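Coordinate analysis (summary)
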Number of protein chains: 2
Amino acid sequence: MTAVLSALAKPPCAFPAQSRVLFALVPREKEIFLPDLDLSNPGAFDNADCIWPDVLPTRAEPAAWRALLDAIRPDVIVSAWRTPPLPVDWITGGETNSGAGAGGPAGGGDGVPCPLRYVCHLTGTVRQKVPRVFLERGGLVTNWGGQVAAQVAEHALLLALASLRRAPAWMGSAGASSAGKASALKTDTQTLFNRRVGIHGCGGVARTLAALLEPFTRDSGGIACFSAGVPDEVIRAAGMRPAGSLARLFAGKEILFECEALTPVNEQSVDAATLAQLPDGALFVNVARGQLVDEAALLHEVRSGRLQAALDVLAIEPVPANSPWRTLPGAIWSPHIAGPTSDMMPRIGSVAMQNLASYLAGRPLSHLVSLEAYDRAT
Amino acid sequence: MTAVLSALAKPPCAFPAQSRVLFALVPREKEIFLPDLDLSNPGAFDNADCIWPDVLPTRAEPAAWRALLDAIRPDVIVSAWRTPPLPVDWITGGETNSGAGAGGPAGGGDGVPCPLRYVCHLTGTVRQKVPRVFLERGGLVTNWGGQVAAQVAEHALLLALASLRRAPAWMGSAGASSAGKASALKTDTQTLFNRRVGIHGCGGVARTLAALLEPFTRDSGGIACFSAGVPDEVIRAAGMRPAGSLARLFAGKEILFECEALTPVNEQSVDAATLAQLPDGALFVNVARGQLVDEAALLHEVRSGRLQAALDVLAIEPVPANSPWRTLPGAIWSPHIAGPTSDMMPRIGSVAMQNLASYLAGRPLSHLVSLEAYDRAT
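In this report, we go over the structure that sits alongside the text. (Residues numbered from 1 in each chain as written. Chains lettered and ligands numbered in written order. Predicted model: local features only at pLDDT ≥ 70, side-chain atom pairs only at ≥ 80, totals over all residues. Heavy atoms only, no water.)

1. Quick look at the relation of the copies chain A and chain B
Once chain A has been moved 0.0 Å along the axis and rotated by 180°, it coincides with chain B to within an RMSD of 0.1 Å. The superposition operator between the copies reduces to a two-fold rotation axis. (Least-squares fit on C-alpha atoms with pLDDT ≥ 70 in both.)

Encoded structure:
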């Protein structure tokens, strides 16, 4: 049976006999991720009540959100960017973390066991949505996992090529107005072929990026890589050359790609001393997190003309309208659009719905978020 | 012995005992291509008189150019973009083509044998510089040959990625002014991974491009290719899938790269019927020649919003300031900068100087222009 109900107006009056799935999405998220899902006939979810609230409370309406959760008591929540955070005490039922038993994944409010067993998150990081205690108690969380790594790597390649070719000078209205300007810049373009390249990071983005760069670097010694704690043999297996340290990774590289996961340890690890290892004219590309970089130090290097930068991420987002990065010569800035591309969204939604169907049928899930991945996410 | 002389002011008075090499370059070309060549000590060319005119006549000064040629009577000319065309009658000495003997490569003015044996051209096409009769008579011509193919392929990849990511909306001053605009466009970006891709052409650019695209297409059937007269086995050896015809190449391709050499036969071969084979929303990328395309038909498809275009070349160049291509939504335009990049120029100059040294020492030359290549160039 499937129900689309006005949850707050008509709360269910009895504990459900089958799984209750709360689709905590706004209409735009439904449109982007689940364009083909027919609400009146979800089909695959016959063994569940699929509940779509008429209006999803916002982050600014915690009481309404809590009331919705208490009224529906979902076993499963399908979440995305606009889903408000799950309250810790709704998960624990007021118990302390240490007092949680080993039996169930979560407690319930006011001593009633929390029914939630699975958060099917459509997008990336879940740290702002799901309290850590939910995973600690064995709750299941899935997200888009590594599906977007390829698009992030693809965007890193675009940023590098566009920067080397001085694309802002000829692309869009800025350059289109003057052929003479573009012609002058023709004398300052660079190729990616046979350049000294380094990648900071050895996750999915770094590995895909290494594959995309391979045709450019195969005749010039390949790609250097460093990621704290990643063994040399893992780096070699990914087709890269271990650099040994962050300083040695940066030393002498004409193009340096920042693809590392942010952790408390590596925050601002790309500082003035690290950047100083790059030679004059080098290009620094960041598709990871702005917080990995001492942005004041990078700004100094780009303003002076010593380094180029191409940044999809900055520490403060959305990037303020008066941010120097938006218009700085020598820098390319994109508004955190590395991944996924729009055309990937329905595929990501489809994989999530396969996960939901698997959960309801008792089959294993893909793209499960581990506690380690939870802690590394930002 | 080496001489840098004011050729028109002080013409040589006797036929030289050794090779006379005329560097018919403007200072900017010297600076771009031969930055390290020391005029006072060329070193490698001890067995030649290297003659650098103080002022190179322009294309608009044919009489001064002819006088310079008659005065210097070079065995070798080093030429580039600004070198005026070699007069046909200076090559033939007034003889008709059919009357040319088989003995020497060229005749001389007024019955005097033309001394020119070798044109060491620093850049690409030589058709506007060297009459065909010079090659017919066995004259040697070298140019940058396939050295720039990799950069042209690289630019084709940049144009495709930039178009799929709607880069003009966020790159440069056009997009930098509005985060909201970029965010809205975020919902309309596309990936190059696993797209249906075709390449028109099977020369150096197409082959390098196929290698660059391989990581994007390896899981989705690879890359289709068609080039008139190129056997299927050659296409397969280049890692692509023979399409069989131009119409079948275009049929159903989401991204179509135009990399074919222009010949009288294939001019405007990409016409309305060919473009109609592309599906709605497809992207057409041209890094070859504008004349291959019926630009009115392409403009119609892009204006209607059915197709996207990313063009480094147009039939009329320099592209007029009021050309619709410069500002058309759905089109990216770059000012014929695909190849080579600026940083390749000194390498190209260096290879040409190696060729010059080889010629003077009687060794074989690289990047020789064949009559077939001459006829295919534009």
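Having seen it, we continue.
2. Quick notes on the nonpolar core
Counting residues in hydrophobic clusters, the biggest one holds 141 residues, and the most contacted among them are F23 and F257 of chain A together with F23 and F257 of chain B. What F257 of chain B contacts, discounting residues up to four positions off in sequence, is A156, A160, V197, G198, I199, H200, L209, L213 and V285 of chain B. (Core = buried A, V, L, I, M, F, W, Y, C linked by side-chain atoms within 4.5 Å. Buried < 20%, exposed > 50% of the residue type's maximum accessible area, 1.4 Å probe, protein only. Contact = heavy atoms within 4.5 Å.)

3. Some remarks on the pattern of salt bridges
On inspection of all chains with the given rule, the structure shows 27 salt bridges over all chains. Between E254 of chain A and R196 of chain A there is a salt bridge, and its shortest N-O distance comes to 4.0 Å. Here R196 of chain A lies in the loop between α8 (179-185) and β6 (197-200) and E254 of chain A lies in the loop between α11 (246-250) and β9 (255-258), a separation of 58 residues in the sequence. Relative accessible area serves as the criterion here: at 19%, E254 of chain A is assigned to the buried category. In this structure, E254 of chain B engages R195 of chain B in a salt bridge whose closest nitrogen and oxygen atoms are separated by 3.4 Å. With a gap of 59 residues between them, E254 of chain B in the loop between α10 (246-250) and β9 (255-258) and R195 of chain B in the loop between α7 (179-185) and β6 (197-200) connect regions that are remote in the sequence. This pair shows no difference in class: E254 of chain B is buried, exactly as R195 of chain B is. In this structure, a network of salt bridges that share partners links the residues R195, R196 and E254 of chain A together with D343 of chain B. (Salt bridge = Lys/Arg side-chain N within 4 Å of Asp/Glu carboxyl O. Helix = DSSP H or I, 4+ residues; strand = E, 2+ residues; numbered from the N terminus.)

4. Points about the sheet that holds β6 of chain A
All names here are of chain A. Strand order in this open sheet of seven strands is β8-β7-β6-β9-β10-β11-β12, and the pairing throughout is parallel. Each having just a single partner strand, β8 (241-242) and β12 (331-333) make up the two edges of the open sheet. In the sheet, strand β7 (residues 223-226) pairs with β8 via two bridges, with the strands oriented parallel. Pairing of A224 across the sheet is with R241, part of β8. Relative to the sheet, helix α13 (residues 295-303) contacts β10 (283-286), β11 (308-311) and β12, its axis offset from that of β11 by approximately 130°. (Pairing = 2+ DSSP bridges. Axes fitted to C-alpha atoms, helices over the stretch in contact; angles between N-to-C directions.)

5. Re the sheet that holds strand β4 (residues 118-121) of chain B
Residue and element names in this part refer to chain B. The five strands are arranged β2-β1-β3-β4-β5 in an open sheet whose pairing can be described as parallel. One side of each edge strand has no neighbouring strand; the edge strands of this open sheet are β2 (48-51) and β5 (140-142). Strand after strand, the sheet turns through a mean of 15° between neighbouring axes, direction not considered. The pairing of β4 with β5 spans three bridges and is classified as parallel. Each bridged residue has a counterpart across the sheet, and for Y118 the counterpart in β5 is L140.

6. Here we look at the packing of helix α9 (residues 204-217) of chain A against helix α8 (residues 204-217) of chain B
Two elements in contact, α9 of chain A and α8 of chain B, have axes whose closest approach is 9 Å; the angle formed by their N-to-C orientations is 170°. If you check the angle between α9 of chain A and α8 of chain B, you find them roughly antiparallel. By crossing handedness, the relation of α9 of chain A to α8 of chain B is classed as right-handed. When α9 of chain A is examined against α8 of chain B, the residues A211, L212, P215 and F216 of chain A are found in contact with a partner set consisting of A211, L212, P215 and F216 of chain B. Residues belonging to the contact of α9 of chain A with α8 of chain B are distributed by class as follows: eight nonpolar, no polar and no charged. (Parallel < 35°, antiparallel > 145°, perpendicular 65-115°, else oblique. Left-handed = near helix turned anticlockwise from the far one by under 90°. Nonpolar A, V, L, I, M, F, W, Y, C, P; charged D, E, K, R; others polar.)

7. Here's the deal with helix α12 (residues 295-303) of chain B
All names here are of chain B. Of the positions making up α12, those classed as buried are E295, A297, L298, L299, E301 and V302. Where α12 is buried, its residues meet α11 (272-276), β10 (283-286), β11 (308-311) and β12 (331-333). Of the residues that open α12, the one with a side-chain oxygen 3.2 Å from the backbone nitrogen of A296 is D294. Downstream of α12 by a residue or two, G305 has a phi angle that is positive, lying close to 85°. (Polar contact = N/O pair within 3.5 Å; in protein donor to acceptor, adjacent residues only side chain to side chain.)

8. Some words on the side chain of H200 of chain B
Residues and elements named next belong to chain B. One can find H200 in strand β6. H200 sits in the buried class, given a relative accessible area of 3%. Setting aside its immediate chain neighbours within four residues, H200 contacts F226, L246, L249, L256, F257, E258, C259, E260, S269 and V270.

9. Describing the pairing of strand β3 (residues 76-79) of chain A
Residue and element names in this part refer to chain A. Alternating positions in β3 separate into two faces, V76 and V78 on one and I77 and S79 on the other, with burial throughout. Relative to strand β4 (residues 118-121), β3 is paired through four bridges, and the arrangement is parallel. Among the inter-strand pairings, V78 is bridged to a residue of β4, identified as C120.

10. Looking at helix α5 (residues 149-164) of chain A
Here α5 of chain A is 16 residues long and its end C-alpha atoms lie 23 Å apart, about the 22 Å a rise of 1.5 Å per residue gives. Among the residues trailing α5 of chain A, R166 of chain A stands out with phi positive, at a value near 55°. (Expected span 1.5 Å × (residues − 1).)

11. Thoughts on the interface of chain A and chain B
Each partner contributes to the interface: chain A provides 55 residues, whereas chain B provides 55 residues. Looking only at chain A, the three residues that lose the most surface to chain B are R165, W170 and M171 of chain A, adding up to 16% of its buried area. At the junction of chain A with chain B, the criterion picks out four salt bridges. At the junction of chain A and chain B, the tally comes to 23 residue pairs in polar contact (both at pLDDT 80 or more). Sorting the residues of the side of chain A that touches chain B by element identifies α1 (27-33), α5, α6 (167-170), α7 (173-176), α8, α9 and β12 of chain A as the ones contributing at least two each. (Buried area = accessible area lost by both parts, 1.4 Å probe.)

From the geometry alone we can't say anything about function, so treat these as descriptive.
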